[in-house]
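# Working through the structure, step by step
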Amino acid sequence: MSRADLVELAKRRGYFFQSAGAYGGVSGFYTYGPEGATLKQNVEDSWRDRFQVQEGHREIDAPTVMPEPVFEASGHLDTFDDMLVECPECGESHRADHLIEDNTDIEEAESFAPEKVMDLIEENDLRCPSCDAELAGVEVEDFNLMFETNIGPGDSSPGYLRPETAQGIFVEFPQLAEYARNQLPFGITQIGKAYRNEISPRKSIVRTREFTQAELEHFIDPTEDEPPIERVADVELKLYPADEQEKEGGDYVEMTVEQAVEEGVVNDWVAYYLGVGKEWYESIGVDMDRFRFRQHLSGELAHYAADCWDAESEVDGDWIEITGFAYRSDYDLSKHDDYSDDDFTIFKQYDEPKVVERATVDPDMSYLGPEFGGKAADIGEALETLAERDRAAFDGEDVTVEVDGEEYAIPVEKTGFSVDEVKESGEHVMPHVVEPSIGIDRVIYTVLDHAYAEDEVEGETRTRLSLEPSVAPTFVGVFPLMDKDGMGEQAREITATLREAGFDVTYDDSGNIGRRYRRQDEVGTPFCVTVDYDSLEEDTVTLRERDSTEQVRVPISEVPDMLADLQTGETTFENLDAPAPEQ
C-alpha cells in the first residue's frame, strides 16, 4: 500500500481531502469529510476519556488568536523557526532539513545548525525538487512559523494565530489555579486548532498549516509530587534514547515503565505518561510493531523543553511524530511571571510556621536617584529580585544588575542589603509542567494507514480498513437482502432503533449484497446487519463481522445489546456464536 492508495481511498470514501479544490486547492489545508470528521471526533473523545476524565483533569477552550506580548514572553517570536532554503532559479521555498532527510541517509537533520545544513546540501549536491537547480551555496535562513494578524481596526494591536494550544492554558494559569483551590498537582487539557506557516507542507494531513492538537498541561510541585507509576508500571516501552541514536549501530531499548524510571532512562513523570499513551495508542488501533518512543537530541529540543520524548509511528516507510511528551519545567510560567503583571506561583501553606533567613534590600534612593535618574526605580526592583535569587552577589563591594540590557554597578553599602530571620507560614512555588501534546491529524493518518489491508474474498481482491470498533466512524451497516416483501421496512425499523440507541448507522439497499459489504469494508464499518426472508418469519437477522467476514444468526431484539458489548469490548464476535458456559 502506498501513500497515494490511502489518500485516494480517503478522498473517495469521505475521510479527508485538500480544501478549496474548486479553486485549485490550497497547500497545507484539508477538509475532513463525513467519515473523517466522525473518526476525528471519536479519537478526540477517546483521548478526553483517557487523558482527562480518567486522570481527573479539567478542560478549557481558549482563543486561537492571542496578542503579541504572549509570544514575546513564551519565546515563540525569537525561536519558533524552521530552516528555509529558497531556490535561486524558480524561487520555490523548501525546508532545508527535510531536503537532507529525503535525499540522504541522515535522520533528524532538524537538530543541526543552519551552517551544517548548508554544508550537507553542498556535500550531497542537493537540488531544487521543483526545477532541479543547484542549491549549493544558497543561504539557509531561519523562518518563523507563526501566522501574524491584527487585532482590531485602525491602530490595531499585533497578534498571532496560536502555534500551539498550550499558551492559552499558561496565560490563564492564575485564574485556573484559583479553580484548583491553589492545590498542586492539577492538570488542564485543551483540544483545538493550531497554526504554523509550514515552509513545505507534505504527506497530506501529516504536515499541514492548520491542524488539531490535544494537549495536557500537568502542573506539579517538583519537590513533592510523584506520579502514580504503579498504574502503568508493567507497560512495555520501546525506547530510542538519545545516546543510542548518536552511537554507531545504536538500537532500541525495551523495558517497562518501572524499569525506565528505576534506571534513570526517562523522567518519572514523562515515563508515566509514556505508559498511559502506549495503552491509549494500542486501544485506538496503532500497530505496536510500527511504533516507538524516541528521545529528542539536544539540538532539536524546543526552546521550552528540558527533555522530550516523541511517540512515533511508521507510515509509508518513514517515522512520523504523533505526540511529544515534554518536561517543560517552569519555563513557561516563569516567563509569563516575568513579563506580565500577574503572579504565576502557588502559595504552599506550611503545616507549622518556619523561621527562615530572608535576604532583603532597602536601596538608598537619595543615592540612586541623582546617580541614575529615571532608571533608579528599575534598578531598585532589580536589586530586590537579585537579593531573592542570589544573595552571594552582594558579597563584594559592588553588586551588578541588568536593566533594559544595560549593566549597572551599585555599591553594596547603598543597597541596604541584609539577611534577617523571619517567621513564614508558607512559600511561593513555581510549578513545573509535564506536557503530552498530541497531533490529532497525525494520529488519524496513522490509524488509517495501520488499518489499511487487502485480501481476497470470493475470488476478488478486497480493500478494508480494520478500524477499532471504539473509533470507527460508521459502526454498523443495515441492509435488506432486497427492498421488497417487507424486508426494506424491517431493515429501516432496525436502523431507526439502532440510531436511537446511539450507534452510527448507515442504511444501504442499492446493488447486490456482496457489493454493499465491500463498500462498508472499505469504509471500515466493523459490523453489518442483514434482513432476509428468514427475518420476516423468525425475527432474526445475520450479523457479519468485517475482518473475518463470518456471520452469525441473532434475534433482532438482542442486536442493540450485542452491538453495545462489541463496541465497548465486553464481548468479541467469536463469543457470540459460542455455546453458553455450563452453570
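Just so it is clear, the structure is predicted and the values come from calculations on it, not from any experiment.

## As for the sheet that holds strand S7 (residues 141-144)
Taken in spatial order, the three strands make up an open sheet running S6-S5-S7, and their pairing is antiparallel. Sheet topology places strand S6 (93-95) and S7 at the edges, where each strand pairs with a single neighbour. Sheet twist, expressed as the average angle between the axes of neighbouring strands with direction ignored, equals 50°. The sheet contact formed by strand S5 (residues 81-86) and S6 spans three bridges and is antiparallel. Along S6, the bridge assignment pairs Val85 with His94. Packing of helix H5 (residues 96-103) onto the sheet brings it into contact with S5 and S6, and relative to S6 it is tilted by some 65°.

## Some details on the side chain of Gln295
Of note, Gln295 is situated in strand S14 (residues 291-295). Gln295 sits in the buried class, given a relative accessible area of 15%. Engagement of the side chain of Gln295 in a polar contact is seen with the side chain of Asp307, the distance being 3.1 Å. In this structure, Gln295 is in contact with Tyr240, Pro241, Ala242, Gln245, Glu300, Asp307, Cys308 and Trp309, ignoring residues within four places of it in sequence.

## Some remarks on the sheet that holds strand S9 (residues 157-161)
Hydrogen bonding along the main chain pairs the strands of a sheet, whether they run parallel or antiparallel. Reading across the sheet, the three strands line up as S4-S9-S8 and stay open at both edges, with antiparallel pairing between neighbours. Of all strands in the sheet, those bounded by a partner on one side alone are strand S4 (65-67) and strand S8 (148-151). When the angles between neighbouring strand axes are averaged without regard to direction, this sheet yields 45°.

Calculation notes
Residues numbered from 1 in each chain as written. Predicted model: local features only at pLDDT ≥ 70, side-chain atom pairs only at ≥ 80, totals over all residues. Heavy atoms only, no water. Pairing = 2+ DSSP bridges. Helix = DSSP H or I, 4+ residues; strand = E, 2+ residues; numbered from the N terminus. Axes fitted to C-alpha atoms, helices over the stretch in contact; angles between N-to-C directions. Contact = heavy atoms within 4.5 Å. Buried < 20%, exposed > 50% of the residue type's maximum accessible area, 1.4 Å probe, protein only. Polar contact = N/O pair within 3.5 Å; in protein donor to acceptor, adjacent residues only side chain to side chain.

Read these as spatial facts, not as claims about activity.
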